[in-house]
Amino acid sequence: MLTRLLVAGLGLVVLAGCGSGGGSAGDEESNAPSGASSAAPAYLEVPGDVDLTEPGTELAFGEDGVIAFERRQKEVGALSVTVQRLERTSFGESFAGWNVDEATSARTPYFVRLVVTNVGQTDLGGMLLDNVLWADDGSTLEAPNYYTRAQLPACTGGPLPTPFATGASAELCQVYFIAPARQLESVSFQPPAGLEAVTWRGEPGKVTKPGKKNKRDKKQDEKQDEKSQG
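Since the model is a prediction, treat every value here as computed from it, not as a measurement.

Examining the side chain of Thr89
With respect to the helices, strands and loops of the structure, Thr89 is situated in the loop between strand E5 (75-88) and helix H1 (91-94). The class for Thr89 is buried, based on a relative accessible area of 8%. In terms of polar contacts, Thr89 uses its side chain to reach the side chain of Glu93, at 3.2 Å.

Section: the nonpolar core
Generally speaking, nonpolar side chains in soluble globular proteins are found buried as a group. Within the largest apolar cluster, 38 residues are counted, with the highest numbers of intra-cluster contacts made by Val116, Leu129, Leu133 and Trp200. Every element with two or more residues in this core is listed here: strand E4 (64-72), E5, strand E6 (108-118), strand E7 (133-136), strand E9 (169-178), strand E10 (186-189) and strand E11 (198-201). For this core, the element with the most residues is E5, which contributes six residues. In contact with Leu133, other than residues within four places in its own chain, are Ile67, Val81, Leu114, Pro144, Gln174, Tyr176, Val187, Ser188, Phe189 and Trp200. Counting residues in hydrophobic clusters, the runner-up holds twelve residues, among them Phe95, Phe111, Val175 and Phe177.

Description of the sheet that holds E5
Where strands meet in a sheet, backbone hydrogen bonds hold them as pairs that are either parallel or antiparallel. Taken together, four strands build an open sheet; the order of strands is E4-E5-E6-E9 and the sheet is antiparallel. Edge positions in the sheet fall to E4 and E9, since each has one partner strand and no second. Looking at each pair of strands side by side, their axes are set apart by 40° on average, direction ignored. Here ten bridges tie E6 to E9, and the two strands are oriented antiparallel to one another. From the neighbouring strand, Pro109 faces E9, where its bridge partner is Phe177.

With respect to the sheet that holds E10
Read across the sheet, five strands follow the order E3-E11-E10-E7-E8 without closing on themselves; strand pairing throughout is mixed. For this open sheet the edge positions go to strand E3 (58-60) and strand E8 (141-142), each flanked by a neighbour on one side alone. Pairing of E3 with E11, which is carried by three bridges, proceeds in the parallel orientation. Among the inter-strand pairings, Ala60 is bridged to a residue of E11, identified as Arg201.

Looking at the state of the cysteines
For the structure shown, the criterion picks out one disulfide. Between the sulfur atoms of Cys155 and its disulfide partner Cys173 the distance amounts to 1.8 Å. Residues Cys155 and Cys173 are joined by a disulfide whose S-S torsion is about -105°; by sign, that bridge is left-handed. Remark: Cys173 occurs in strand E9 and Cys155 occurs in the loop between E8 and E9; sequence separation between them is 18 residues. Of the two residues examined, Cys155 and Cys173, each falls in the buried class.

Things to note about unusual backbone geometry
Looking along the chain, the bond that leaves Thr162 and enters Pro163 is cis, with omega of -5°. Here Pro163 shows up in the loop between E8 and E9. Residues other than glycine seldom take positive phi values, yet Lys74 does so here, at roughly 65°. What makes Lys74 exposed here is its relative accessible area of 76%. You will see that Ala193, though not glycine, has its phi angle at about 65°, which is positive. As for its placement among the helices and strands, Ala193 is situated in the loop between E10 and E11.

Conventions we followed
Residues numbered from 1 in each chain as written. Predicted model: local features only at pLDDT ≥ 70, side-chain atom pairs only at ≥ 80, totals over all residues. Heavy atoms only, no water. Helix = DSSP H or I, 4+ residues; strand = E, 2+ residues; numbered from the N terminus. Buried < 20%, exposed > 50% of the residue type's maximum accessible area, 1.4 Å probe, protein only. Polar contact = N/O pair within 3.5 Å; in protein donor to acceptor, adjacent residues only side chain to side chain. Core = buried A, V, L, I, M, F, W, Y, C linked by side-chain atoms within 4.5 Å. Contact = heavy atoms within 4.5 Å. Pairing = 2+ DSSP bridges. Axes fitted to C-alpha atoms, helices over the stretch in contact; angles between N-to-C directions. Disulfide = S-S within 2.5 Å.

This is the structure:
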């Protein structure tokens, strides 16, 4: 079961939905010599120069993984993803002034900071990665949440910039709320067809203090606020 928490003013609204879990796939034997790489067959059609990270791969924070997904039917997106940091925080530390109900306050908030680059041919402008990258607590996959700088200065996120064509990169911060007595074990991409997940693992660090806003940040905040109000 996936649990998504979204902000409404200064309060939190809890929405529940169904999610997908990763299955297992048998490993294929390789006759390649030690140290050589053998590209696995792509699970989705991507450009010929794009090598997808093999399902089941475990990556450390700072390592790059290349993933593919269907943004819409017959519209495949491909991203290079680097999970840079995982930060464990608290409502008292990072959510000052928020109205949080008892059930929500029992959860533990985490910030995940990442860099994504479009390596496919589909323009992904305006897309949220809420159905692409999940938090795995060892039992449940949790969907990410996104907030503007005005809502949550410590972890600003939102849709990919528009346009977001081939070669475009963006830094994102995703917020996850993990169930009581559990902790965020990995950031997970679930490939289609029941293939094993691509995961990023590492130890959580301290919350990064937000920097000063520049003109570009202010414009992006204004656009995100307009979208959320619309």
